[in-house]
Amino acid sequence: MADLKNKINKEKLPQHIAIIMDGNGRWAKKRGGIRIIGHRAGAKSVKNVAEASAELGVKYLTLYAFSTENWNRPKDEVSNLMELLIENLQKEIKTLLNNDISLNVIGDTSMLPDKVQKNLNKTIDETKHGKRMCLSLALSYSGRWDIIQACQTIAMKVKQKELNPEDIDQNMFVQYLSTMGMPDPELLIRTSGEKRISNYMIYQMAYTELYFTKTLWPDFSKNHLYKAILDFQTRERRFGKTSEQL
Ligand code: IPE
Ligand code: IPE
Ligand code: MG
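Within any chain, residue numbers begin from 1 and follow the written order of that chain's sequence. Chain labels run from A onward and ligand labels from 1 onward, assigned in the order the entries are written. At least 70 in pLDDT is required for a residue's local features to be given in this predicted model, at least 80 for side-chain atom pairs to be given and counted, and no such filter applies to totals for whole chains, interfaces and linings, which use all residues. Computation of side-chain values: all heavy atoms of the structure, hydrogens and water removed.

Trainee: Which parts of the structure should I look at to understand the overall build of the protein chain?
Mentor: The secondary structure listing takes helices from DSSP runs of H or I that are at least 4 residues long and strands from runs of E that are at least 2 residues long, numbered from the N terminus. Per the secondary structure count, the protein chain includes eight helices and six strands. Each radius of gyration reported is based on C-alpha atoms, and the globular scaling rule is 2.2 Å times the count of residues to the power 0.38. Relative to the globule expectation of 18 Å for 246 residues, the C-alpha radius of gyration of the protein chain, 19 Å, shows essentially globular dimensions. Over its C-alpha atoms, taken along the principal directions, the protein chain stretches across nearly 55 × 50 × 35 Å. By residue count, 47% of the 246 residues in the protein chain fall in the buried class. Whether two residues are in contact is decided by their heavy atoms, any of which lying within 4.5 Å being enough. Within the protein chain, contacts between residues at least 6 apart in sequence are counted, and of these 77% link residues at least 24 apart. Only protein chains enter the accessibility calculation, which uses a 1.4 Å probe; a residue whose area is less than 20% of its type maximum is buried, one above 50% is exposed, and one in between is partly exposed.

Have a look at this one:
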């Protein structure tokens, strides 16, 4: 429906949207299929949502695709997911280029199979001039990992006397997170009805507006995204102040 899209106030668009793409397994189960069928169907939603976000003028879209904890899933599901990732990186590079989107990755990529790393690096390089939107995939990512890797780098710099402990403040700390250079997400969407953060960008989401929907990720369409943004636009973001101060 074009009217949902038209209702969105372009002046109040979130600059950064984060999504926990959940419910692929349940989507497949409902259809009597194996879990990977759901993951395959979910790839279509990624494409729709990335296109819709870029068309609207969203600057950063960060998708939780594989968490640190997801390494504990059955081996064949993990390897199927890695294969699917390679397949889609190869297939969708055109979509990224056509939409002027640059690809980015956050997470402990050293954990990913070599072939995935190679395909990621290739796609990141080939799309690096994309100006309309930055699409980040959170892969082998967790918020705790992110905070700890930042602390390790900072501690190393202190040890080498490149930094003083007194220099550490919020502005400085965020330069060491994997989301360096991005604004904090204003809106988090989680599909599938679960109401939790599951170790996503826990530092960056201190003031993020949360939106939960029962829609399973493979069913999540452009209109679902518009609905979430419209809901976000009704919120009063106070950041600790009173309503009257805003
Ligand atoms: C999200 O769907 C995709 C990943 C976590 C990789 P799930 O695979 O978690 O689907 P459910 O939650 O089991 O339905
Ligand atoms: C969160 O989904 C991670 C991703 C969507 C990649 P999970 O399905 O892994 O989260 P839990 O286990 O339900 O919290
Ligand atoms: Mg899940």
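Trainee: Quick question: what am I supposed to make of the packing of helix H3 (residues 35-56) against helix H8 (residues 222-232) here?
Mentor: Two quantities define a packed helix pair, namely the angle between the helix axes and the distance between the axes. Between N-to-C directions, angles span 0 to 180 degrees; the directions come from axes that are lines fitted to C-alpha atoms, helices contributing only their stretch in contact. Between H3 and H8, the least distance of the axes is 9 Å, while the angle of their chain directions is 50 degrees. Here H3 lies oblique to H8, going by the angle between them. In the packing of H3 onto H8, the handedness of the crossing is right-handed. Between H3, through Asn-48, Val-49, Glu-51, Ala-52, Ser-53, Glu-55 and Leu-56, and H8, the contact on the second element is made entirely by Lys-222, Leu-225, Tyr-226 and Ile-229. Taken together, the residues of the contact of H3 with H8 sort by class into six nonpolar, two polar and three charged. For classification purposes, angles smaller than 35 degrees are called roughly parallel, those larger than 145 roughly antiparallel, those between 65 and 115 roughly perpendicular, and all remaining angles oblique. The crossing is said to be left-handed when, going from far helix to near helix, the turn is anticlockwise and less than a right angle, and right-handed when the turn is clockwise. When residues are sorted by character, Ala, Val, Leu, Ile, Met, Phe, Trp, Tyr, Cys and Pro go into the nonpolar class, Asp, Glu, Lys and Arg into the charged class, and all the rest, Gly among them, into the polar class.

Trainee: Quick question: what am I supposed to make of the packing of aromatic side chains here?
Mentor: Each aromatic ring pair is characterised by the separation of its centres together with the angle its planes make. Under the pairing criterion, centres of Phe, Tyr and Trp rings, with the six-membered ring standing for Trp, must be within 6.5 Å; the plane angle then separates stacked pairs below 30 degrees from edge-to-face pairs above 60, leaving the rest tilted. Following the criterion strictly, the structure yields eight aromatic pairs and no others. The interplanar angle of 5 degrees and the centroid separation of 4.2 Å between the aromatic rings of Tyr-64 and Tyr-200 together place this pair among those described as stacked. Here the residue Tyr-64 occupies a position in strand S2 (residues 60-67), and Tyr-200 occupies one in the loop between strand S5 (187-190) and strand S6 (209-212), the gap between them amounting to 136 residues. Relative to Phe-220, the ring of Trp-217 lies with its centre 5.3 Å away and its plane at 20 degrees, an arrangement referred to as stacked.

Trainee: Teacher, can you tell me more about the site of ligand 1 here?
Mentor: What makes a residue near a molecule or strand is one non-hydrogen atom of that residue sitting within 4 Å of it. Close to ligand 1 lie Met-21, Asp-22, Gly-23, Asn-24, Gly-25, Arg-26, Arg-35, His-39, Ala-65, Asn-70, Arg-73 and Leu-81. One of the backbone nitrogen or oxygen atoms of Gly-23 is found 3.4 Å away from an oxygen atom of ligand 1. Here a polar contact is taken to be a pair of N or O atoms separated by no more than 3.5 Å, where protein atoms must pair a possible hydrogen donor with a possible acceptor and residues adjacent in sequence count only if both atoms sit in side chains. Residue Gly-25 places a main-chain N or O atom 2.9 Å away from an oxygen atom belonging to ligand 1. A total of 380 Å² of accessible area belongs to ligand 1 in isolation, and the protein chains cover 87% of it. More than half of the atoms of ligand 1 fall within 2 Å of the grid points belonging to the largest pocket. Sort the elements by how many residues they give to the shell around ligand 1 and helix H2 (residues 24-30) lands first, with three residues. Residues of the shell around ligand 1, tallied by class, amount to three nonpolar, five polar and four charged. Areas reported here follow the Shrake-Rupley algorithm with a probe of radius 1.4 Å; residue values treat only the protein chains shown as occluding. Put simply, the grid is 1 Å and covers the protein atoms alone, a cavity is a trapped set of points that fit a 1.4 Å probe, a pocket is an open set with protein on both sides within 12 Å along at least five of seven lines, and lining residues have an atom within 4 Å of a point. Here the criterion for a molecule occupying a pocket or cavity is that more than half of its atoms lie within 2 Å of the pocket grid points.

Trainee: Looking at this structure, I do not really get the nonpolar core. What am I missing?
Mentor: Inside soluble globular proteins, nonpolar side chains tend to come together where they are buried. As used here, the term nonpolar core means buried Ala, Val, Leu, Ile, Met, Phe, Trp, Tyr and Cys residues forming a set that is joined through side-chain atoms within 4.5 Å. Ile-17, Ile-19, Leu-61, Leu-135 and Ile-189 are the most contacted members of the largest nonpolar core, which has 43 residues in total. Among the elements that line this core, the one with the most residues is helix H4 (residues 75-98), at seven residues. Residues within four places of Ile-17 in sequence aside, it is in contact with Val-58, Tyr-60, Leu-61, Thr-62, Leu-187, Ile-189, Leu-225 and Ile-229. By size, the runner-up hydrophobic cluster in this structure holds eleven residues, among which are Ile-20, Ala-138, Leu-188 and Met-205.

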